[in-house]
Amino acid sequence: MEEDTDYRIRFSSLCFFNDHVGFHGTIKSSPSDFIVIEIDEQGQLVNKTINEPIFKISEIQPEPNNFPKKTKLDLQNLSFEDGRNQEVNTLVKYTDGDQNHPSGSEKEDTISDGTSKCEEKADVLSSFLDEKTHELLNNFACDIKEKCLSETELIGLPLEFSIGRILDKNQRASLHSAIRQKFPFLITVGKNSEIVVKPNLEYKELCHLVSEEEAFNFFKYLDAKKENSKFTFKPDANKDHRKAVHHFVNKKFGNLVETKSFSEMNCSTGNPNVVITVRFREKAHRRGKRPLPECQEGNVIYTAFTLRKENLEMFEAIGFLAIKLGVIPSDFSYAGLKDKKAITYQAMVVRKVTPERLKNIEKEIEKKRMNVFNIRSVDDSLRLGQLKGNHFDIVIRNLKKQINDSANLRERIMEAIENVKKKGFVNYYGPQRFGKGRKVHTDQIGLALLKNEMMKAIKLFLTPEDLDDPVNRAKKYFLQTEDAKGTLSLMPEFKVRERALLEALHRFGMTEEGCIQAWFSLPHSMRIFYVHAYTSKIWNEAVSYRLATYGARVVEGDLVCLDEDIDDENFPNSKVHLVTEEEGSANMYAIHQVVLPILGYNIQYPKNKVGQWYHDIRSRDGLQTCRFKVPTLKLNVPGCYRQILKHPRNLSYQLMEDHDIDVKMKGSHIDETALSLLISFDLDASCYATVCLKEIMKHDVLN
């Protein structure tokens, strides 16, 4: 296949560490030939049934009506220092000096639920704050409000006010809410149990477009998040002004609400007025599914489970589960990515879904070659890397000797496996990290994101392969027309990421800002995945250069890890040591201790030719001034370190006939071409079985 040949060529430069001859064979002849099982942080295989009640029906909370999802507001343009990653908490209550009535066109039921609650919560200020703090807060708020409603900037004013540390979590939550409700032109931020109050720049910005009354009621509407409610700005005959209001709302809150213009007849003049109406984006529940199960008290539910999938891409599996459960893909968290052409078992956690609800879709997802089990309630989501490693059971078929090798095949296999078991393998990132497309690889998209080339990244993502299928026809149409809506009608439903991007492009337009919003339609874990693909590619090139330059010797300027127990990449600079000239000459360290940095803003580089190589490669890719932060996408890449060698653990193997009849390793006289190899081993997190097999076989395995 052309596709396989292309990515083989791409990885042909990866070097070997061992000097045995190796052999030929084929992996992944079928998904059942490649079984991957996660090993959790306790060292347990996640496919094992947990010996505890999965869930009790009596503990399941009733599922209330479906309210629009409470999302974080967009702070990427917030000018305050350290403010862009913090959640803006908007208000629901009027200040004492405001008129207590909504804007003319707003429906009464939109805000009526919030009024009595707001009055209750406003009293919390005097309940929890001492008299002096209360007075200082009021003075701070009055100063900010005066400037917010004027054309002057906030020059000369303190930009934040600290309430102090509140140790009780519930009291902090009440204070956050009460302050926001009383002072809509302020936001509150939590810092290690401390509540800090700051000006709400978005309120100030909106007040320059609409009246204070409208701005107040709009933020009240946002915070109430009442299902099926809407907010209407006052009639506006100025098209350019309406366009500015549309742009503001979509730019700041487009993931939460949508805007539309409607004509209303003016009874006094007989002419139509145009009003802008805002409503929450619908959370569609397909096929009559029950609403999202959120707790009455507002606490988020987390349900953990083990996902088994067969011959299915992980993001496609998540997209399918999201549709069935009535949530979005970013509500799922996981510890690691898994192969497509395989049977894989991995731990997952989904938010806002009860164990009972997940249990109810078991039969439906079986048709998609998925199963869920070990379903249980937990307290939090998973994060990438939150696993000990993976266990692999692999069948290698069509075993053959290398060309012109006269040795016995069995002996070659045993020699190769024992060699790698003893000496290890080069810890490359596998080709699946970069995609198998011939034209565009994930690392190219990641490089474009690092260089803030958002539109280029979108076009790379939607670049078609030379294949005539619905997906590639849709991509080809997009590159020719940039018609996101038309492309959506062509893109198959199962292409979850592509459709998410296209829906955002249709909403926001094929502009630089629209492309930023499109990337925000993907979960953070997907956005950062592309950047990590680029840094992984550079690491692969770096380790090849390091081994070609210095071999297995540990030399002056190398970086070594001083902790023998490190089994992942997340170790601090304090555990990395720069080898001195004396230490290099004395052979104080072994090659398995050598680490190389993965690009980021918080790493040190080797002080030898390898360090210069990193400098040159950054220049080659236009990253001389890159700080490895992409604030527009809320991506931070601190970097880390990766050991250049790894060893498979708990390795066992057995030769078998192709008809699954076990063959003894000694004294067998069988046709060598009829042999298959069953090999099992464990690898640390972020290590690739295909890379280990390539070192064993000295041959590019078909992946």
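Structure's up top.
The rules behind each value
Residues numbered from 1 in each chain as written. Predicted model: local features only at pLDDT ≥ 70, side-chain atom pairs only at ≥ 80, totals over all residues. Heavy atoms only, no water. Salt bridge = Lys/Arg side-chain N within 4 Å of Asp/Glu carboxyl O. Helix = DSSP H or I, 4+ residues; strand = E, 2+ residues; numbered from the N terminus. Buried < 20%, exposed > 50% of the residue type's maximum accessible area, 1.4 Å probe, protein only. Phe/Tyr/Trp six-rings, centres within 6.5 Å; stacked < 30°, edge-to-face > 60°. Expected span 1.5 Å × (residues − 1). Arc of directions from axis to C-beta. Contact = heavy atoms within 4.5 Å. Polar contact = N/O pair within 3.5 Å; in protein donor to acceptor, adjacent residues only side chain to side chain.

**What about the pattern of salt bridges?**
Here comes step 1: According to the stated counting rule, one finds 26 salt bridges in the structure shown.
Here comes step 2: We note a salt bridge from Asp-33 to Arg-397, for which the minimum N-O separation is 2.8 Å. Taken together, the positions of Asp-33 in the loop between strand 1 (23-26) and strand 2 (34-39) and Arg-397 in strand 13 (residues 389-401) put the pair 364 residues apart, joining distant regions of the chain.
Here comes step 3: Residue class for Arg-397 comes out partly exposed when judged on its relative accessible area of 21%.
Here comes step 4: Ionic pairing is found between Glu-415 and Arg-412, a salt bridge with its closest N-O pair at 3.2 Å. Of this pair, Glu-415 and Arg-412 both sit in helix 11 (residues 409-423), 3 residues apart, roughly one helical turn.
Here comes step 5: Taking the relative accessible area as the measure of exposure, Glu-415 reaches 36% and is therefore partly exposed.
Here comes step 6: Judged by relative accessible area, which is 17%, Arg-412 ranks as buried.
Here comes step 7: What you see here is one network of salt bridges that share partners, running through Lys-537, Glu-541, Arg-620 and Asp-621.

**What about the packing of aromatic side chains?**
Here comes step 1: For the structure shown, the criterion picks out 27 aromatic pairs.
Here comes step 2: Pairing Phe-218 with Phe-231 gives two aromatic rings, centres 5.7 Å apart and planes at 65°, and the pair type is edge-to-face. Note that Phe-218 is positioned in helix 6 (residues 212-224) and Phe-231 in strand 6 (residues 230-232), a separation of 13 residues in sequence. Across the pair, Phe-231 and Phe-218 agree in class, each one buried.
Here comes step 3: Taking 5.4 Å as the distance between ring centres and 75° as the angle between the ring planes, the aromatic pair formed by Phe-529 and Tyr-530 counts as edge-to-face.

**Quick look at helix 20 (residues 609-620)**
Here comes step 1: Helix length check: helix 20, at 12 residues, gives a terminal C-alpha distance of 16 Å against a target of 16 Å (1.5 Å per residue), a fit within 8%.
Here comes step 2: Among the residues of helix 20, Val-610, Gly-611, Trp-613, Tyr-614, Ile-617 and Arg-618 are the ones counted as buried. Summarising the axial view, the buried residues of helix 20 lie within an arc of 155°, below the 170-degree limit, and thus occupy one face. Those residues of helix 20 that are exposed and aimed more than 90 degrees away from the buried face are Lys-609 and His-615.
Here comes step 3: Structurally, helix 20 contributes buried residues whose contacts are with helix 18 (524-550) and strand 17 (594-598).
Here comes step 4: Its side-chain oxygen placed 3.0 Å from the backbone nitrogen of Val-610, Asn-608 serves as the N-cap of helix 20.
Here comes step 5: Gly-622 occupies a position one or two residues after helix 20 and carries a positive phi of about 75°.

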